[in-house]
Structure formats: structure tokens, C-alpha cells
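Observations on chain architecture
Each chain, letter by letter, is given below.
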Amino acid sequence: MLRRVVLQTFRQGLAQSFFKRNAASLSESAVTQHPIETSEEASEKSGSKQKNGDESGNTVVVAPPEFRFMYPEFLPDPTMERRNKLKEKLERMDMLQRRSIIEIPEFYTGSIMAVTVADSNSPNKFARFVGICIQRGGSGLQAWFILRNVVDRQGVEILYEMYCPLIQKIEVLRLERRLDESLLYLRDALPEYSTFPFEMEAERRLNNSVVPINPIKVKLRPRPWLERWERQNLQGVEDLNLPQRYYDRAKEVAKPWEKYDLMLQYRKTIPAEEQEKIYAEVHSQLQQQDLKRKIKRRRGPSSEQ
Amino acid sequence: MPNSAGHVKFVMPPIGSIGSGLASYRDLTRTLTDEKSTLYSALSAIVYMLQSLNRSPFLLGFLSNHEQVRNMSRVKRRNTHPGYWLSLKNVQKKDDKISADNLRFMREVIQDKYKNKSPLKVSELQIEKTEWDPKTKRSGVIARNIGRQQMWDKDGNKIVCTVLHVLDNHVIRYIPPEEYVKTSRGAIHFKNKTPLGCLVVGAEATNPEKFTRQYCNLFAEVGLMPKKTLSRFIITPNAALPPCTPITAGHFLVGQAVDVYGKTVDHGFQGVVKRWGFKGGPASHGATKFHRRGGTIGTGRDKARVWPGTKMPGHMGSERRYNRGLMIMRINMKYNVIYVKGTVPGATNSIVRIFDTLLPLRKFKEAPPHPTYFPPEDGTQKEEDIWDSRLHVFGSPSISV
């Protein structure tokens, strides 16, 4: 049975995560919250199965809810024909192994990142690329993201596979998100919106608890464009100033019923119960790795010298 | 478009030699030194002489060296009928109205029956110690294809592997060669060959309620719960195993080549473009209702009918296939999982059978775990996760080129 938590939309989830963003105290609060919730729920529905608590009444570790935004690649591909729990579990173990070697930080589309890759063809044997993340996808070890930058007036996009062992370092120079999930329209935008200096340094965040949303509205170049942006309901683009017939045709072609199609959304997502189980499994290891890195960073300058 | 009929090709002597009779014969003898049998070469010599002297079609018809070149579109490619080794199942939904009490009683009986009869432990099995030789055929294994996972090698190249989960395989019975040859299947298999033994292996233990008493008894003799899948593996007698022997992922070695047998993905009724790779017609430029059709199906002159085997739309997939020579890149002993490089016939979560490869250049040179792998008695396991030396292990430092 789907719990009411399942069908929360992305934006609700965002809001939730923004309210509960304090990472250090979060897991504790989650752990203490849940036993209370489950006992309440148990009293409401007498016959329902208690998934989050043991019969003995032990508290079960539950990952903080924003893990599904910080680590979306841990969730498997929702296509039912290809799902197998054992394979997903083994893949997650491999992912955690890789994460113990390299830090794959939290990032979103719209964040500016720098990736250092081992490259036999470059003079230093390492190639560093700075760019804005315009899209991310894939699940498991196939997770990827695309960085875009404009180099010598030439737009360049590079797709990086997050778990590829050639990657030496992934840094997030500016952690923020935009109004859209996919920034592919930057290809048709003025080049200044995709240009970021390679010498850019990592910016320190003032408020650690909230990932800021950059409400910038990008100006597009005059048509022709690569895609029909007027049909995509983009929030981060300035008024397209197209003739009315484009918008009329967009209306004809639109599928407004899709936002009411529950089964469509269900098929595209992993149910909340499974998500909780998955993140509960990886939660402790990820936290440990995070802690170790923090300690190393604090000790870093003193220990290296 | 289907090609014209498979035609008969004449192997002609070089054109220059036809003029000078003697020179041509010398050429012919030179070319014929490669032939294996002297009789054949003598005959062909006569044939070539005749060809060079007189290329009358009447003489060519009977004595010529015909090399039949069959067009592969004419060769029967598919057989989706169930194998003749499978017996017809009469699956009818039973309308036994069993009361809830009786159902509960049935379950208690099953519990009692199987509680005391546990499968024999490895230490209790009587396994004969036999020698391995290169001609040994070991047992295979029943596995489930659980998906694909990518890994990287030490140069940073991506390797896509299919993950195969070796199910709970147990040997059900061994049929020695003399007995197996007498069965209908064995007789066909070993018609003009030396007979080999047959090992019946089962996998996926399930609830006995689902099966008939006769089927459950097959396993009950051995002390096992009934298995969903059964398979026969043809083995040499020295690789025989006693009933109730478990076969695990350790049966294989990392770096060896295996053949995987399965039923390909069922695509259903498909058109000619997907099924046979036809190009179809132009998408535009005035093409009227001709975008994914086959086009012509015959010439109109040759034989004046549609030839059997003409490529047309129809059922595609669900065929029995072997993918041979796949290399094992990684074995996880704890979860009984094998990572095999490449792809395997069938969809995810389908059952496949894994055998040691029969490709001659990829066979074993040294003894594998023979007759199968047995974990050491004192509990000291081999490593849990065994990787091929070429693979980059995820817990090791990043690759620097």
C-alpha cells in the first residue's frame, strides 16, 4: 500500500528538505521522529503492518529525507522488467566502495563544478574541466552528468560518468540550483550564460542548511533553436517573444492530463517505502565517509605539513 | 529485398590456361595438390580437362565440381517449437474446493515432512576422487540473468557485464552412460558417438503445494524440496556427482570462458524491418504507403512462386540460443553471483544455463574445480569477491594514466 508520503511532488519534497537541512543533527532527529510517528500510525490503523519498527520496539535507522536529492543515483531504474533487488544491492555496494576512494559531492543541475580526469593525451596527464551542470541522469554505476562551458567562444559539453575510475576529483565550485531540472536551453542561450572561468575558486556557502535557487531568467539567441522551447514550460528562460501561432500549436500538442496521471508518475518513480529501505542501507556508510572527509579537511593543513 | 535463388557455382580453372591445353593441365595439377584425396583430385583433373576442352552444359551437369552456395535466407533459421525432450504439460486449473482447515492441515503435513529431511551436508556426501583430463565434460549450472552492470578495466575502458545469479543448484540424479543411451533422448544424442552420462540438476526450491506428488517424490528421495527448474547436463563419467550435491558459483573460475544457453527475448509479431533488417522505403518524397514494407517477394520467372523461407513479417524471438565463449570477469562467492563479459540470450530475470565453453581455443588448459567446487571443511573461505586481474577493483585508488 502506498503511504501518503509517496505521492508528494518534487516541490513538496524540496520544501521538506529545505526545512530539515541541518546535516549534523538531522539523522538523529529522523531517528527519534520515526518511532513516534509509527506508534501514532499504528494506533490509527490497527491492522496495518509496521514497517519502520521491529516487533521488539528497536528503533530502525532511517536516512534523512533529502538523501533522495543528494544521492539520486542510488535509486534504481524504475522499469519493472529490469528490476532485481540482489543486483541493485550488489551495485550499491560497489558504488559505496568507489565513494570511499573519491568524494562525489552533492550537486544539482545549475551547480558549477570542476572535474579532474586522468588523460593520457594531456601534458600533465590530468585534464581539468570547469562547467555548469546542465543535466544529470543514470542510475547506479551508470550515473552521469553533463558539464557545459564556453572555451574560446566555442561551446563545449562533456558527459562524465560519476563512478568512472579515471576521475580523480569532483569539486563543486558553486552549489546552487536553477528553476528547471534540465538546462539544455543554455545551448540556445547567449554565450555569457554558459561561460565560467577555469580559474574559478570554490565559493563558501553562507547558509549550509539550504541550497539556494538561482532565479535567473536566461536570454535566448534569436531563432532557429535546437528544440521547441515554447513547448517545454521552462521557468528559467525569459519571455520567448514568439508569434502567437507557436503558442497555439504548443497548446494543441500539449498533454495537460499527464499531471493527473497517477500511474504514469508511479511507474516513473520508486515507491517511498523502497526508497527508505535503500537509503537506510547506505546511510550509515555514507555518513561515515562524510565524517572521515570532514575530519581530514579540518586536520588537513596541519597534518600535511 | 530477398536475393535470387541459391545458385550453383562452378569452380573454373584460370582463364589464361584454357587456351593452351598442356599448360592448363599443369596449372590444374598444381592447384590440386591441396586436395586431400587422390581419387577426388584425379576425377577433378578429368573434369577440368573436359571443361577446358568443351564447356558443353551437358557434360558439366553430371561431372562438374559443383560447390553449392546456399543463400542464408533459404536456410531454416528458427525453430520455436518446444524441444522434443520436453513432455507436454496438461495445465488445467484445478477446482479442488479445499476448506481452510484442510489447507492448514496440508501445510502442517508439508512442514513435518520436510523438517526432518534436510539435504545432506557436503561432508556426508560420498564423492569419488576422479582425475581431470582435457576431455572431461563437467556439469553446468542453472542461473538467473539478473541484469547488467558496468565495470572498468585498468586502462579506464568500460566493460559491460551481465550479472548471473547462480540459484540453489542441487544434483538430483546421475544417469550413467549405459542407461542414458537406452532413453529416447539419449539414443538420439549419441547415435554414432560414444555415450556419455547425464546429470539431472534442479534449481529454485519452492512450495510443494504447487506440484504433484510424483514430481515432489523425485526430490523427496534425495531429501530436497521440489525445484522449479530442472536441467540435464551431459557429462563424462569421471565428472559424476552424487545426488544432493550443491553446485555454487565457485564451480567456475574467473577468467574462464563459458557458454550461456537461454531463450532470446520474445519480440512477438514483428515486421520485416525489425525482424530481418530490411531497409523499407523512403520516409518522404511521395512514397505512398511504402515505409516499412518488404517490397518484392519473388522474380516471377524463376520457379514462378514464392520460395519457402522468404523473409516476411512474423513471430520474432523466443528462440533457443547459445552465446559462446563469454569470459567470466568476477565471481562473488557470498551471493553466488557471476559477472560475465558480454550479453546473454534472454530478458532480465530469465533462467539460463551456463556450461564450460566448447570453443576449442578457450577451453581449460589446467584442471578446474573437478568435479565441482567444495568449500573447505575448516570454514576458511576463499575470498568472497574474486576479480579478474584486468579489472579495476572499486575499492582501489583511481586510475592515473
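Rules used throughout
- Each residue is numbered by its place in its chain's sequence as written, counting from 1.
- Think of it this way: whatever chain is written first is A, whatever ligand is written first is 1, and the rest follow in order.
- Residue-level local features of this predicted model are given only where pLDDT is at least 70; pairs of side-chain atoms are given and counted only at 80 or more, and the full residue set underlies all totals for whole chains, interfaces and linings.
- Values reported for side chains reflect all heavy atoms of the structure, with hydrogen atoms and water molecules removed beforehand.
- Numbering of helices and strands runs from the N terminus, with a helix taken as a DSSP run of H or I at least four residues long and a strand as a DSSP run of E at least two residues long.
- Exposure categories follow from relative accessible area, calculated using a 1.4 Å probe and restricted to protein chains: below 20% of the type maximum is buried, above 50% is exposed, and the middle band is partly exposed.
- For this analysis, residues touch if any pair of their heavy atoms sits within 4.5 Å.
- Only the protein chains shown count as cover for residues, and the accessible areas themselves come from Shrake-Rupley with a 1.4 Å probe.
- The term buried area refers to how much accessible surface (probe radius 1.4 Å) is lost by two components on association, counted for both of them together.
- For this document, the term salt bridge refers to a Lys or Arg side-chain nitrogen within 4 Å of an Asp or Glu carboxyl oxygen.
- Polar contacts here mean pairs of N or O atoms no more than 3.5 Å apart (in protein, one a potential hydrogen donor and the other a potential acceptor; neighbouring residues in sequence count only if both atoms are side-chain atoms).
- Residues are grouped as follows: Ala, Val, Leu, Ile, Met, Phe, Trp, Tyr, Cys and Pro are nonpolar; Asp, Glu, Lys and Arg are charged; all remaining types, including Gly, are polar.
- A pair of strands is labelled paired if DSSP reports no fewer than 2 bridges between them.
- Throughout, an axis means a line fitted to C-alpha atoms (over the contacting stretch in the case of helices), and angles, computed between N-to-C directions, take values from 0 to 180 degrees.
- Take the buried Ala, Val, Leu, Ile, Met, Phe, Trp, Tyr and Cys residues and link them wherever side-chain atoms come within 4.5 Å; each set so joined is a nonpolar core.
- What fixes the domain bounds is an automatic or database domain assignment.
- By definition, no residue in a patch forms a salt bridge, and every one has over 30% relative accessible area; like charges are joined within 9 Å, nonpolar side chains (Val, Leu, Ile, Met, Phe, Trp, Tyr) within 5 Å.

**Section: the overall build of chain A**
- What chain A contains, in helices and strands, is seven helices and five strands.
- Secondary structure elements of chain A, listed N to C terminal, follow the sequence α-α-α-α-β-β-β-β-β-α-α-α.
- Relative to its 305 residues, chain A shows a buried fraction of 42%.
- For chain A, long-range pairs separated by at least 24 residues make up 69% of all intrachain contacts whose partners lie at least 6 apart in sequence.
- Approximately 18400 Å² of chain A is accessible, and the part contributed by carbon and sulfur atoms is 51%.

**Here's the deal with the interface of chain A and chain B**
- In this complex, chain A contributes 27 residues to the contact, which on the side of chain B involves 27 residues.
- Counting each side, the surface lost to burial between chain A and chain B is near 2300 Å², with a carbon and sulfur contribution of 58%.
- For the chain A face of the interface with chain B, the top three residues by lost area are K87, L90 and P165 of chain A, together amounting to 23%.
- Linking chain A to chain B there are two salt bridges.
- Between D94 of chain A and R330 of chain B there is a salt bridge, and its shortest N-O distance comes to 3.0 Å.
- Summed over the shared surface of chain A and chain B, the number is twelve residue pairs in polar contact (both at pLDDT 80 or more).
- Listed by contribution, the elements that provide at least two residues to the side of chain A that touches chain B are α4 (85–101) and β5 (167–174) of chain A.
- Of all the elements, α4 of chain A adds the most residues to the side of chain A that touches chain B, at ten residues.
- Looking at the side of chain A that touches chain B, its residues break down into twelve nonpolar, five polar and ten charged.

**Considering the sheet that holds strand β6 (residues 197–205) of chain B**
Residues and elements named next belong to chain B.
- The strand order across the open sheet built from four strands is β7-β6-β5-β8, with neighbouring strands paired in antiparallel fashion. Strands with a single pairing partner mark the edges of an open sheet, and in this sheet they are β7 (227–235) and β8 (246–247).
- Sheet topology note: the β6/β7 ladder contains eight bridges and is antiparallel. Paired with A203 across the two strands is T229, which belongs to β7.
- Contacts from helix α7 (residues 213–220) reach β5 (169–175) and β7 within the one sheet, and its direction differs from that of β7 by about 55°.

**A word on the sheet that holds strand β4 (residues 154–161) of chain A**
Residue and element names in this part refer to chain A.
- Reading across the sheet, the five strands line up as β4-β3-β2-β1-β5 and stay open at both edges, with antiparallel pairing between neighbours. Unpaired on one side and paired on the other, β4 and β5 mark the two borders of the sheet. Strand-to-strand, the axes of this sheet are offset by a mean angle of 35°, without reference to chain direction.
- Where strand β2 (residues 126–137) lies against strand β3 (residues 144–151), five bridges are found, and the strand directions are antiparallel. When the sheet's bridge partners are listed, Q135 is paired in β3 with I146.

**A word on the environment of G236 of chain A**
Residues and elements named next belong to chain A.
- Mapped onto the elements of the fold, G236 is located in the loop between β5 and α5 (244–253).
- Counting along the chain gives 174 residues from G236 to V62, while the straight-line C-alpha distance between them is 35 Å.
- Setting aside its immediate chain neighbours within four residues, G236 contacts L179, D180, Y185, I216, K217 and V218.

**A few points about the nonpolar core**
- With 55 residues, the main nonpolar core has F74, F145 and Y163 of chain A as its most contacted residues.
- When we break this core down by domain, the ones giving at least three residues each are domain 1 (2–72 + 270–304) and domain 2 (92–265) of chain A.
- Excluding anything up to four places from it in sequence, F74 of chain A contacts R92, M95, L96, R99, Y163, I278, Y279, V282 and L286 of chain A.
- Core analysis: the second largest hydrophobic core is formed by 30 residues, V201, I247, L326 and I331 of chain B among them.

**Some details on the pairing of strand β4 (residues 158–166) of chain B**
Residues and elements named next belong to chain B.
- Here strand β3 (residues 141–152) runs beside β4; their pairing, made up of nine bridges, is antiparallel. Within the sheet, the bridge partner assigned to R148 lies in β4 and is T162.
- Hairpin connection, β3 to β4: the antiparallel pair is bridged by five residues, and G156 has positive phi, about 90°.
- Bridge count between β4 and strand β13 (residues 337–341): five bridges; the pairing is antiparallel. In the sheet register, V163 faces β13, and the bridge partner there is Y339.

**Let's talk about a nonpolar patch on the surface**
- Together, Y84, W85, L86 and I188 of chain B make up an exposed nonpolar region whose accessible area comes to about 440 Å².
- In this fold, W85 of chain B is placed in the loop between β2 (66–68) and α4 (100–116).

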